[in-house]
Amino acid sequence: MWRGLWTLAAQAARGPRRLCTRRSSGALAPGSGATIFALSSGQGRCGVAVIRTSGPASSQALRILTAPRDLPPARHASLRLLSDPRSGEPLDRALVLWFPGPKSFTGEDCVEFHVHGGPAVVSGVLQALGSVPGLRPAEAGEFTRRAFAHGKLNLTEVEGLADLIHAETEAQRRQALRQLDGELGHLCRGWAETLTKALAHVEAYIDFGEDDNLEEGVLEQADIEVRALQVALGAHLRDARRGQRLRSGAHVVVTGPPNAGKSSLVNLLSRKPVSIVSPEPGTTRDVLETPVDLAGFPVLLSDTAGLREGVGPVEQEGVRRARERLEQADLILAMLDASDLASPSSCNFLATVVASVGAQSHSDSSQRLLLVLNKSDLLSTEGPGPGPDMPPHLLLSCVTGEGLDGLLEALREELAAVCGDPSTGPPLLTRARHQHHLQGCLDALGHYKQSKDLALAAEALRVARGHLTRLTGGGGTEEILDIIFRDFCVGK
Ligand SMILES: Nc1nc2c(ncn2[C@@H]2O[C@H](COP(=O)(O)OP(=O)(O)OP(=O)(O)O)[C@@H](O)[C@H]2O)c(=O)[nH]1
Ligand SMILES: [K+]
Ligand SMILES: [Mg+2]
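Residues numbered from 1 in each chain as written. Chains lettered and ligands numbered in written order. Predicted model: local features only at pLDDT ≥ 70, side-chain atom pairs only at ≥ 80, totals over all residues. Heavy atoms only, no water.

In the nomenclature of an unreviewed UniProt entry, the protein chain is known as 5-taurinomethyluridine-[tRNA] synthase subunit GTPB3, mitochondrial of Cebus imitator. Here is the UniProt Catalytic activity (unreviewed entry) comment for the protein chain, exactly as written: "GTP + H2O = GDP + phosphate + H(+)". Recorded in UniProt under Cofactor (unreviewed entry), the annotation for the protein chain is "K(+)". (UniProt positions renumbered as here; feature names shortened; annotations may be inferred.)

Below is the structure:
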């Protein structure tokens, strides 16, 4: 009997209502029959530059530029003299690689020219390629778009590749590489298969419900599968903002009373003089934001005005902006002058900002806070230091640098919690688009549970599965593809 049901499952997977991973024909850019070429390595003087082509005229281009030589063996680097086909003038002695499709990055016939990286060589080879009939310069992202169109990459892998190219920190690179390796796509395909199976069970019941041949408990089986999927989706969605923070940077805000040394710390962490430091309290007024790589994580670090009441209107506006920015922080660096802990401004700061963030810090979605007591170099001479009822803290001196290593280690731990550690755990959702489709899937599963009518329940499962397939690119609309491929540079 189960064999019968599996045939049905297979039918449901193949059937006309399937929302499958078929590539939309719109995935190819207009005029995709053309052969494209571009410089694929970075612009400017370099040791070696890579120029590549993709499309049916690639072999012709290679023959023309290396005339009278034949095509080199596939996927082997060969040394060839490149000449301009119009004048016969030698351009460079280069390594050439011939990748006949479909075993190439784009799935089409491709050629790579590894030439010496001088600007004159590069422009000479590009001009020579432009003179070959059927060749035209590539648009931004066109190579990757062709790879997608030929099923070499799915949409989440394309996004991973874009992120890998733009990755500036180690953690970003790790996350992008995992996505390029297809982990998120793999997960979604597994979930989509689960839904296909559940759908087959429900449809079998609709078609053969009265039939004694049908195994008992078919609907219960579908319910169990849906429930498990709801749990998995919920867990991923709870994690959702972390992957996005890792992609675009976590917000770290330095706050504290005037003169605690906030600007000194911002300059120390960013290794450049972002903010003015002076002994005068109330120096910083505007929010000063700087992107930094903290312990491998991308961070937008904000310096803010010292928090105090009853000063002039300009500083009060600064304090208002500081509080506003504080609300957006993923991680708060709360700073006090260790030699001035008994002052009203220190006590007030501890009682308000530190206590209130500390109180909510047990829930998952809340802000995180690190309390830093600065100017530890003054402790022996000027103050008694932190008493026993001081909340957990780190000692630091921005002047001597003492305690900086400990602070960086604490920051690494906090940022791993804020952004998610890309080397472990399930693949993170890196874009709002991912979150949108997973939420859509979860909502549809909610409708499945609620519907009394089996036909509506089956439809809800189809909607849920549709969200998962759109996440990896099946039936992707042209606009979404345009947005994603726009992120690429020419030559990728
Ligand atoms: N001894 C000592 N002085 C420090 C340390 N860190 C900062 N200072 C001094 O403290 C004073 C205030 O430093 P800032 O970095 O301007 O402090 P701030 O918190 O940004 O001040 P406002 O912007 O005015 O709120 C300056 O004179 C710094 O040189 C430290 O670790 N030890
Ligand atoms: K100051
Ligand atoms: Mg300052």
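Resuming the write-up.
*Asks:* Now, about the coordination of the potassium ion (ligand 2): what can you tell me, with residues and values included?
*Replies:* On the protein side, the potassium ion (ligand 2) has N259 (OD1), S278 (O), E280 (O) and T283 (OG1) as donor atoms, found 2.6 to 2.8 Å from it. Going along the chain, you hit the donors of the potassium ion (ligand 2) in the pattern N-x18-S-x1-E-x2-T. Distance-wise, the magnesium ion (ligand 3) is placed 4.9 Å from the potassium ion (ligand 2). With N259 in the loop between β7 (250-255) and α10 (262-270) and S278 in the loop between α10 and β8 (288-294), this residue pair connects regions lying 19 residues apart in the sequence. N259 sits in the partly exposed class, given a relative accessible area of 30%. Accessibility expressed as a relative area gives 26% for S278, which makes it partly exposed. (Donors = N, O, S within 2.8 Å, 3.2 Å for Na, K, Ca; no water. Helix = DSSP H or I, 4+ residues; strand = E, 2+ residues; numbered from the N terminus. Buried < 20%, exposed > 50% of the residue type's maximum accessible area, 1.4 Å probe, protein only.)

*Asks:* Requested: an account of the pattern of salt bridges, with residues and values cited.
*Replies:* Tallied over the entire structure, the rule returns 22 salt bridges. For the salt bridge of E309 with R323, the shortest nitrogen-to-oxygen distance reads 3.1 Å. With E309 in the loop between β9 (297-303) and α11 (313-327) and R323 in helix α11, this residue pair connects regions lying 14 residues apart in the sequence. Judged by its relative accessible area of 55%, E309 falls in the exposed class. R323 sits in the partly exposed class, given a relative accessible area of 36%. A cluster of three or more residues bridged by salt bridges with shared partners is formed by D286, E317, R320, R321 and E324. (Salt bridge = Lys/Arg side-chain N within 4 Å of Asp/Glu carboxyl O.)

*Asks:* Could you give me a rundown of the pairing of strand β1 (residues 35-39), with the residues and numbers involved?
*Replies:* Taken across its 5 residues, β1 has 5 buried, putting it largely inside the fold. Side-chain alternation along β1 places T35, F37 and L39 on one buried face and I36 and A38 on a second face that is also buried. As paired elements, β1 and strand β6 (residues 135-137) share 3 bridges and run parallel to each other. Among the inter-strand pairings, I36 is bridged to a residue of β6, identified as R136. Relative to strand β2 (residues 48-54), β1 is paired through 4 bridges, and the arrangement is antiparallel. Counterpart to L39 in the pairing with β2 is I51. (Pairing = 2+ DSSP bridges.)

*Asks:* Lay out the packing of helix α7 (residues 183-208) against helix α8 (residues 218-238) in plain terms, naming residues and giving numbers.
*Replies:* Where α7 contacts α8, the two axes come as close as 9 Å, and the packing angle between them is 155°. What the angle tells us is that α7 and α8 run roughly antiparallel. In this structure, the crossing between α7 and α8 has a hand that is left-handed. Across from L187, W191, T194, L195, K197, A198, H201, V202 and Y205 in α7, the residues of α8 making contact are V218, L219, Q221, A222, E225, V226, L229, A232, L233 and H236. In terms of residue class, the contact of α7 with α8 is made up of 13 nonpolar, 4 polar and 2 charged. (Axes fitted to C-alpha atoms, helices over the stretch in contact; angles between N-to-C directions. Parallel < 35°, antiparallel > 145°, perpendicular 65-115°, else oblique. Left-handed = near helix turned anticlockwise from the far one by under 90°. Contact = heavy atoms within 4.5 Å. Nonpolar A, V, L, I, M, F, W, Y, C, P; charged D, E, K, R; others polar.)

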